[in-house]
Amino acid sequence: MLNPHERFTALYTTYQARVYGYAVSRAGHRLAEDVVSETFLVAWRRLDDIPDHAQLPWLLRVARNLLRDGFRQAARRESLEAELRTWLEEAADAGEHATERVTVLRALAALSEADKEILTLTTWHGLSTAEAAEVLGCTRAAFFVRLHRARRRLQAAIDTTETGTSRKSVTVSGRKPR
């Protein structure tokens, strides 16, 4: 049995990068380190409350709650917008293959924070649907419904973004190419 210090160290070593990745996708690089620090501070204080079978979802849920509860909301929005602009600029410079990425990133930027989070939990952060549902505090069935709706809204945003440009086959997972 590990003592609390060893258990926390193992938890931090194992999941710090994943929590940081989640924080960057939700708040941008400028605030990600603060979110990670606050998340692991909560983890230290509530070490006995962290379920062994779902440590990452528990940590991401704490990070999510910190962000949702107003953790520097104005700076978070500015940082995320700057991050998306950077990604768009980098994608635009990458050439022909990047056109699709730019379209998707623009469409993603047009979505609500809730839709962005649902779509990125499974795709960018690699969580299973059960883990993502736990992060959001909902059932798997509710998560699937939210994911389906978010994908529909993303596809609609992609279709809107593509209007006026050369139409390429850009699809959201689970949808047929056009």
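Our subject is the structure listed above.
Procedures and definitions
- Residues numbered from 1 in each chain as written.
- Predicted model: local features only at pLDDT ≥ 70, side-chain atom pairs only at ≥ 80, totals over all residues.
- Heavy atoms only, no water.
- Phe/Tyr/Trp six-rings, centres within 6.5 Å; stacked < 30°, edge-to-face > 60°.
- Helix = DSSP H or I, 4+ residues; strand = E, 2+ residues; numbered from the N terminus.
- Buried < 20%, exposed > 50% of the residue type's maximum accessible area, 1.4 Å probe, protein only.
- Salt bridge = Lys/Arg side-chain N within 4 Å of Asp/Glu carboxyl O.

This part covers the packing of aromatic side chains. Enumeration over the complete set of coordinates arrives at four aromatic pairs. On the basis of an interplanar angle of 80 degrees and a centroid distance of 6.1 Å, the ring pair of Phe-8 and Phe-40 is categorised as edge-to-face. Remark: Phe-40 occurs in helix α2 (residues 29–45) and Phe-8 occurs in helix α1 (residues 4–27); sequence separation between them is 32 residues. Per residue, the accessibility class of Phe-8 equals that of Phe-40, and both read buried. Relative to Trp-44, the ring of Phe-8 has its centre 5.3 Å away and its plane inclined at 80 degrees; by these criteria the two rings are edge-to-face.

Before going further, it helps to spend a moment on the pattern of salt bridges. For the coordinates displayed, the defined rule picks out eight salt bridges. When the shortest N-O distance is used, the salt bridge between Arg-26 and Glu-117 registers 3.9 Å. Of this pair, Arg-26 sits in helix α1 while Glu-117 sits in helix α6 (residues 113–123), and the two are 91 residues apart along the sequence. Here the two residues Arg-26 and Glu-117 agree in accessibility, since each one is buried. Put simply, Asp-115 and Arg-153 hold a salt bridge, and the shortest N to O gap is 2.5 Å. Linking Asp-115 in helix α6 with Arg-153 in helix α8 (residues 140–162), this pair joins segments that are 38 residues apart in sequence. By relative accessible area, Asp-115 is classed as buried at 6%. On the basis of relative accessible area, Arg-153 is assigned to the partly exposed category, the value being 40%. Three or more residues joined by partner-sharing salt bridges are found here, namely Arg-26, Arg-64, Glu-113, Lys-116 and Glu-117.

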